[in-house]
Amino acid sequence: MDQPRAAARLRVLLGQLGRRSAGAVIAHPTSGAVPPAGFHPQQFQYTRDNSVLTLEQRQFYEDNGFLVIKKLVSDADIECFRNEFERICRKEVEPMRLVVMRDVTIAKSEYVPSEKMITKVQDFQEDEELFRYCTLPEVLKYVECFTGPNIMAMHTMLINKPPDSGKKTSCHPLHQDLHYFPFRPSNNIVCAWTAMEHIDRNNGCLAVLPGTHKSSLKPHHYPQWEEEGVNGIFHGIEDDDENNDQVHLVVEKGDTVFFHPLLIHGSGRNKTQGFQKVTALVSSKQSQPLRDMMDPGQEATTLASRDDILITNAFSPKIIDRKGK
Ligand SMILES: CCCCCCCC(=O)SCCNC(=O)CCNC(=O)[C@H](O)C(C)(C)COP(=O)(O)OP(=O)(O)OC[C@H]1O[C@@H](n2cnc3c(N)ncnc32)[C@H](O)[C@@H]1OP(=O)(O)O
Ligand SMILES: O=C(O)CCC(=O)C(=O)O
């Protein structure tokens, strides 16, 4: 159909639909010469077509499996999340479904209500304040670059990495997050990891192996320092040779790392006396019913069936409603 005829037809249709200003409609070709703003003509596998990422950013994620966006989350929001975490530690609030993890070195000691007793809280979907992180438009805008629209929060965590006990217990061995996830497809999943303070090798920054998101899911097991003490289900990949290519991500407060669930990554020991904090969201494109997202071989798998210790958390996905945010 030529353009004037198409425009006329569209005017009629809009008129029939009761729209007032159909007269201003101009027909644009739907294929051919004029690409939309932000359209990148290459074949991309790990990122979606939208106008948020630059071509360089897209290419970087495609090649490396991660992308750092500087200063994405405001200091004010981070302060709110920090305060809420401290309230949880003091047991002033006890959100439903929250999984509280203590470092293995203090797991059996008496609980004293302070941030020193809690290494991580997981599945904070029912905590209104912490879950606000998962609804921040500035975060979701980037999440959608990897998942596409209609997002679900599959897993959430606030990490409070304690000073190392001297036994590497604060380390998180190199692993692929997909090892823990009973849902697929992997290219619809992304983790957003936001530094709540300056993080470098001194307090145990993220270490990544660029490009490993293109590999398959590897066997995981407890790392060799297990005898000295490792946290329950902190599994690592078996192939230690790959450690040589580690890149350490030094980040500032608010910087956010987006990474693919097959990217091999981990974090080092915290050699400071402070408790290093991070908040993170694993999200996936929505698919209903949820079982459609399950890998056939993994259908019944949750973290609980993966280990000898009793892990109480299962995945309780929550749809992220972007309206009005
Ligand atoms: C957003 C990014 C997503 C990325 C996901 C993939 C990366 C990961 O998160 S990997 C790690 C994932 N796993 C976890 O985080 C869970 C680890 N820990 C926990 O969930 C809890 O601490 C859990 C379930 C073990 C204990 O909870 P709970 O049952 O309430 O505690 P509690 O009753 O005090 O302890 C039960 C037993 O576990 C032991 N235990 C507690 N904490 C630990 C620990 N950190 N390590 C080993 N054992 C532990 C206790 O000593 C106790 O043992 P026993 O029965 O012999 O006395
Ligand atoms: O921030 C960290 O300590 C590492 C977190 C991590 O690797 C994970 O949760 O998958």
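The rules behind these values
Residues numbered from 1 in each chain as written. Chains lettered and ligands numbered in written order. Predicted model: local features only at pLDDT ≥ 70, side-chain atom pairs only at ≥ 80, totals over all residues. Heavy atoms only, no water. Buried < 20%, exposed > 50% of the residue type's maximum accessible area, 1.4 Å probe, protein only. Helix = DSSP H or I, 4+ residues; strand = E, 2+ residues; numbered from the N terminus. Contact = heavy atoms within 4.5 Å. Core = buried A, V, L, I, M, F, W, Y, C linked by side-chain atoms within 4.5 Å. Phe/Tyr/Trp six-rings, centres within 6.5 Å; stacked < 30°, edge-to-face > 60°. Lys NZ or Arg CZ within 6 Å of the ring centre and 35° of its normal.

Within helix α5 (residues 137-147), eight of the eleven residues are buried, leaving the element largely enclosed by the surrounding structure. The elements touched by buried residues of α5 are α2 (55-64), β1 (66-69), β4 (151-161), β6 (189-195), β11 (256-259) and β13 (276-285). One or two residues past the end of α5 sits G148, with phi positive at roughly 85°.

This paragraph deals with the nonpolar core. V73, V121, Y133, V139, F146, F258 and I320 are the most contacted members of the largest nonpolar core, which has 38 residues in total. When contributions to this core are tallied by element, the ones reaching two or more residues are β1, α3 (75-89), α4 (128-131), α5, β4 and β6. The greatest single-element share of this core, amounting to six residues, is contributed by α5. Not counting the four nearest positions on each side in its chain, Y133 is found in contact with V73, F81, V139, A192, W193, T194, T256, T279, A280 and L281. Counting 30 residues, the second-largest nonpolar core is a separate cluster that includes M154, I189, L206 and F234.

We now examine the packing of aromatic side chains. The geometry of two aromatic rings is summed up by the distance between their centres and the angle between their planes. Tallying each qualifying case throughout the model produces six aromatic pairs. Measuring from centroid to centroid gives 5.3 Å for F60 and F66, while their planes differ by 85°, and the two rings are edge-to-face. For F60, a relative accessible area of 35% translates into the label partly exposed. In this structure an aromatic cluster arises from ring pairing among Y61, Y142, F146 and F258. Over the face of the ring belonging to Y111 we find K91, whose NZ or CZ atom lies 4.9 Å from the ring centre. Lying across the ring of F131, K318 places its NZ or CZ 4.5 Å from the centre.

All quantities given are derived from atomic positions and should not be read as evidence of function.
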